Each structure stands twice: as C-alpha cells, then as structure tokens.
Amino acid sequence: QVQLVESGGGLVQAGGSLRLSCAASGRTFSSYAMGWFRQAPGKERELVAAITRSGGATSYKDSVKGRFAISRDNAENTVYLQMNSLKPEDTALYYCAATRMAFAESSEQYDYWGQGTQVTVSS
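Within any chain, residue numbers begin from 1 and follow the written order of that chain's sequence. Per-residue local features of the predicted model are confined to residues with pLDDT of at least 70, and side-chain atom pairs are confined, for both listing and counting, to 80 or more; whole-chain, interface and lining totals are unaffected and use all residues. The side-chain numbers reported here are obtained from all heavy atoms of the structure, hydrogens and water having been left aside.

> When you look at the pairing of strand β11 (residues 117-122) in this model, what are you seeing that I'm missing?
On any regular strand, side chains alternate: one points to one face of the sheet, the next to the other face. Accessibility here uses a 1.4 Å probe with only protein chains present; expressed as a share of the type maximum, an area under 20% marks a residue as buried, one over 50% as exposed, and anything in between as partly exposed. A run of DSSP states H or I qualifies as a helix once it reaches four residues; a run of E qualifies as a strand once it reaches two. Both are numbered from the N-terminal end. Burial of β11 is one-sided: the residues T117, V119 and V121 facing one way are buried, the residues Q118, T120 and S122 facing the other way are not. Here strand β2 (residues 10-13) runs beside β11; their pairing, made up of four bridges, is parallel. Looking at the pairing, G10 lines up with V119 of β11. Only when DSSP finds a minimum of two bridges between them are two strands counted as paired. As defined by bridge partners, strand β9 (residues 92-99) adjoins β11 across three bridges and the pair is classed as antiparallel. Across the sheet, residue Y94 finds its bridge partner in β11, namely T117.

Take a look at the structure:
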C-alpha cells in the first residue's frame, strides 16, 4: 500500500512558476514508477508527465514539453513537478500517481492516487 500526498499548488499569474511535490509513504517508493496527471473542470484526466522507478527516463504531454520537468528523490520518497512559463490552460487539479509497472502513460495502469492539489493560472 502506498499513500500519496501532493502539495505546492496555488494561484499564480501567467508566466509564473510552481513546484509540486508528492510525498509517498512506505519503504518501497523506488519500486514504483510515478506520474503526474491533471483534470480541468469538464475535461478528462490526462497525463502530464511520467518517470521511471530510477528516474532514468521521463515522458511529457506535448503541450508541457520544455516548460515542465518531473523528477524524483527516492531517498526522500518524493516526486516533483517543476512547472515554468505557466499558462491559463494549465489550470487544473493535479494528481500524482504510482504504478507497479516499470513505466506507464495511461491512468488505468496506475495503482495509487493522491487527493490532488489545485493549480490556478490567471491571465
């Protein structure tokens, strides 16, 4: 069992930055690949970024490439999402998720989810 707690969301102006954190419980954090998802009102949940167990490989949604960066610290049981050059269309509830798979890009492949942290970007 893994419990995930996100933090770092908030209100920011367009062009600003935020860093989301996701703290995981348990001793086996490094056994899970991790992902950041987001869901805006009236829209489906979508993958923003994913990272392998070791952090050696990452994947990004096309619209955030070059602006967002996912990373992890297995010693601290934490995964991060650095978000730069934020746009109003980035406004959403952001979730982190963990999967037993080596790597996953579909929400159905993730086993554990956090409660989410709200990101609001004003124009």
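From this point on, the discussion continues.
> For this particular structure, what's the right way to read the environment of Q118?
Topologically, Q118 is positioned in strand β11. Q118 gets classed as partly exposed once you look at its relative accessible area, which sits at 39%. When checking whether two residues touch, look at their non-hydrogen atoms; a contact exists if any pair is within 4.5 Å. The contacts of Q118, once residues within four sequence positions are left out, are G9, G10, T91, A92 and L93. Pairing of N or O atoms within 3.5 Å defines a polar contact, subject to two protein rules: one partner must be a possible hydrogen donor and the other a possible acceptor, and residues neighboring in sequence count only if both atoms are side-chain atoms. A polar atom in the side chain of Q118 sits 3.4 Å from the backbone oxygen of A92.

> I'm lost on the environment of G42 in this one. Help?
Along the chain, G42 falls in the loop between β4 (33-39) and β5 (46-51). Judged by its relative accessible area of 88%, G42 is exposed. Between the alpha carbons of G42 and E6 there is a distance of 22 Å; along the sequence they are 36 residues apart.

> In this structure, what is going on with the state of the cysteines? I would like to understand it.
Cysteine pairs can be covalently joined through their sulfur atoms, and such a bond is termed a disulfide. The criterion for a disulfide is a pair of cysteine sulfur atoms lying within 2.5 Å. By the definition in use, this model includes one disulfide. Here C22 is linked by a disulfide to C96, with a sulfur-sulfur distance of 1.9 Å. Handedness here is read from the sign of the S-S torsion; for C22 and C96, about 45°, the answer is right-handed. Placement of C22 in strand β3 (residues 18-24) and of C96 in strand β9 is noted, with a sequence separation of 74 residues between them. Comparing C22 with C96, the two get one shared label, buried.

> Just checking my understanding: could you explain the nonpolar core for this structure?
Nonpolar side chains in soluble globular proteins generally cluster together in the buried interior. Remark: nonpolar core denotes a set of buried residues (Ala, Val, Leu, Ile, Met, Phe, Trp, Tyr, Cys) joined through side-chain atoms within 4.5 Å. With 29 residues, the main nonpolar core has L4, M34, W36, L81, M83 and Y94 as its most contacted residues. Elements with a contribution of two residues or more to this core: β3, β4, β5, β7 (68-73), β8 (78-83), β9 and β11. The contact partners of Y94, leaving out residues within four places of it in the chain, are E6, L20, W36, F37, R38, V48, F68, L81, M83, G116, T117 and V119. In terms of nonpolar packing, the next biggest core, distinct from the first, is built from six residues, L47, A97, A104 and Y110 among them.

> I tried to follow the pattern of salt bridges on my own but got confused; where do I start?
A side chain of one charge can pair with a side chain of the opposite charge when the charged atoms of the two come close. Every case where a carboxyl oxygen of Asp or Glu lies within 4 Å of a side-chain nitrogen of Lys or Arg is listed as a salt bridge. Per the stated rule, a full pass over the model turns up six salt bridges. When the shortest N-O distance is used, the salt bridge between R38 and D90 registers 3.0 Å. Linking R38 in strand β4 with D90 in the loop between β8 and β9, this pair joins segments that are 52 residues apart in sequence. Judged by its relative accessible area of 5%, R38 is buried. When salt bridges that share partners are traced, they join R38, E46, K61, R67 and D90 into one network.

Limitation: the analysis is restricted to geometry and does not speak to function.
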